[in-house]
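# Structural overview for review
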Amino acid sequence: MVQKRSELKKAVLIISGGLDSLCLGAYLSKKYDLYGITFSYGQRASNELRAAKKVGRFLHLKEHKIIPLDFMKGLYQDSNVLTNSKDSIPGKFDYSIVVPIRNAIFVTIASAWAFSFGASLVAYGAHKNDFKYPDCRPIFAKKLESALNLGEIDGINLGIRKKIQVWSPYSAGITKSTLIKSGYGKFGDKIFQTWSCYQNFIKHCGRCESCNNRKTAFVKAKIRDLTEYLTI
């Protein structure tokens, strides 16, 4: 039985403007009213912020907050290549791509919002192919979920707050290609308006790790990739 919109639970989605964000929303849209939150943390690929606004419109979010965290770039200094524009970005996974506990920061802020208005789910787009990233793994999400609920346990016990679940497609064993199929089934060619590239060019660079992951996922999903790349 299809739930009426008024009966749906609320979910806060962490949206980057990437392919995974849109497809995550497509996956959850039948069961939840969706609220989006996007973070500007000094990332060199500011194109993803413009794409995030498109993703929000496609998903018909109840509300979309864009939160400035630009001070994070100063804290991160040269610890990673996504906020340090002086270093080159690798074409395959390297630990220089890992932004220190970025998902912990994002999930914590998103959860504060969720607690404030009664959302029961906080979701981000990590999938099974993100196993090399520690803060994408299900055990991380589960431990963080436990800590955040402990931080509001008295409010939860009093019925003032709702207990939250921190969830990602990875938690359900979903791969990037499977997630893409869900998004493509709902949005068709609109999914090519997302931004995955770590660079900030007019088109996707076609060389960075994220672009390469995007290409591979479309091949595995057997969907023709209409993304415009500078380098094929």
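In short, a report on the structure.

On to the environment of Thr83. Tracing the chain through its elements places Thr83 in the loop between α3 (71-76) and α4 (102-117). On a C-alpha basis, the gap between Thr83 and Lys73 in space is 5.9 Å, while along the polypeptide they are 10 residues apart. Apart from the residues within four sequence positions on either side, Thr83 is in contact with Tyr41, Gly42, Gln43, Lys73, Tyr76 and Gln77.

Here we take up the nonpolar core. With 45 residues, the main nonpolar core has Val12, Ile14, Tyr41, Val107, Val122 and Tyr124 as its most contacted residues. Those elements that place two or more of their residues in this core are β1 (9-14), β2 (32-40), α3, α4 and α5 (138-151). With 8 residues, α4 is the largest single contributor of residues to this core. What Val122 contacts, discounting residues up to four positions off in sequence, is Val12, Ile14, Val107, Ala110, Ser111, Ala114, Ile164, Gln165, Val166 and Trp167. Ala26, Ala123, Phe218 and Ala221 belong to the second largest nonpolar core, which has 29 residues in total.

Bringing the pattern of salt bridges into the picture now. The tally for this structure, following the rule as stated, stands at 4 salt bridges. Of the charged contacts, one joins Lys142 and Glu145 as a salt bridge, the two residues approaching to 3.3 Å between their closest N and O atoms. Of this pair, Lys142 and Glu145 both sit in helix α5, 3 residues apart, which is roughly one turn of that helix. Arg161 is the salt-bridge partner of Glu152, the closest N and O atoms lying 3.3 Å from each other.

What follows is about the side chain of Glu48. Counting through the fold element by element, Glu48 comes out in helix α2 (residues 47-58). Buried Glu48, no salt bridge; nearest opposite-charge side chain is Arg102, N-O distance 6.0 Å. Every residue in contact with Glu48, bar those within four places of it in the chain, is listed here: Ser16, Gly17, Tyr41, Gln43 and Trp195.

Here we come to the layout of surface pockets. Of the pockets and cavities examined, the largest pocket occupies roughly 1,100 Å³. Along the wall of the largest pocket there are 45 residues; nearest its centre are Asp20, Arg102, Asp130, Tyr198 and Ser210. When contributions to the lining of the largest pocket are tallied by element, the ones reaching two or more residues are α1 (19-28), β2, α4, α7 (176-187) and α8 (209-221). Element by element, the count of residues in the lining of the largest pocket is highest for α8, at 6 residues. By volume, the second largest pocket is sized at about 250 Å³. Phe192, Gln193, Thr194, Trp195 and His204 are, among the 14 residues lining the second largest pocket, the residues nearest its centre. Of the residues in the lining of the second largest pocket, the class split is 5 nonpolar, 5 polar and 4 charged.

A few words on the pairing of β2. Of all 9 residues that make up β2, 9 are buried, and the element is covered over most of its length. Alternating residues of β2 divide into Tyr32, Leu34, Gly36, Thr38 and Ser40 and Asp33, Tyr35, Ile37 and Phe39, and every residue in both groups is buried. Bridge analysis of β1 against β2 gives 6 bridges, and the strand direction is parallel. Within the sheet, the bridge partner assigned to Lys9 lies in β2 and is Tyr32. Handedness of the crossover is the feature at issue here: the chain leaves β1, passes through α1, returns alongside β2, and the resulting connection is right-handed. Sheet topology note: the β2/strand β3 (residues 63-68) ladder contains 6 bridges and is parallel. Within the sheet, the bridge partner assigned to Thr38 lies in β3 and is Ile66. After leaving β2, the chain enters α2 and then returns to the sheet as β3, a path that is right-handed.

Definitions and limits used
Residues numbered from 1 in each chain as written. Predicted model: local features only at pLDDT ≥ 70, side-chain atom pairs only at ≥ 80, totals over all residues. Heavy atoms only, no water. Helix = DSSP H or I, 4+ residues; strand = E, 2+ residues; numbered from the N terminus. Contact = heavy atoms within 4.5 Å. Core = buried A, V, L, I, M, F, W, Y, C linked by side-chain atoms within 4.5 Å. Buried < 20%, exposed > 50% of the residue type's maximum accessible area, 1.4 Å probe, protein only. Salt bridge = Lys/Arg side-chain N within 4 Å of Asp/Glu carboxyl O. Lys, Arg positive; Asp, Glu negative; His and termini not counted. 1 Å grid on protein atoms, 1.4 Å probe; cavity = no way out; pocket = protein on both sides within 12 Å on 5 of 7 lines; lining within 4 Å. Points joined across faces, edges and corners; volume = space filled by probe spheres on them. Nonpolar A, V, L, I, M, F, W, Y, C, P; charged D, E, K, R; others polar. Pairing = 2+ DSSP bridges. Right-handed = clockwise from strand over helix to strand, strands pointing away.

Keep in mind these numbers describe shape, not what the thing actually does.
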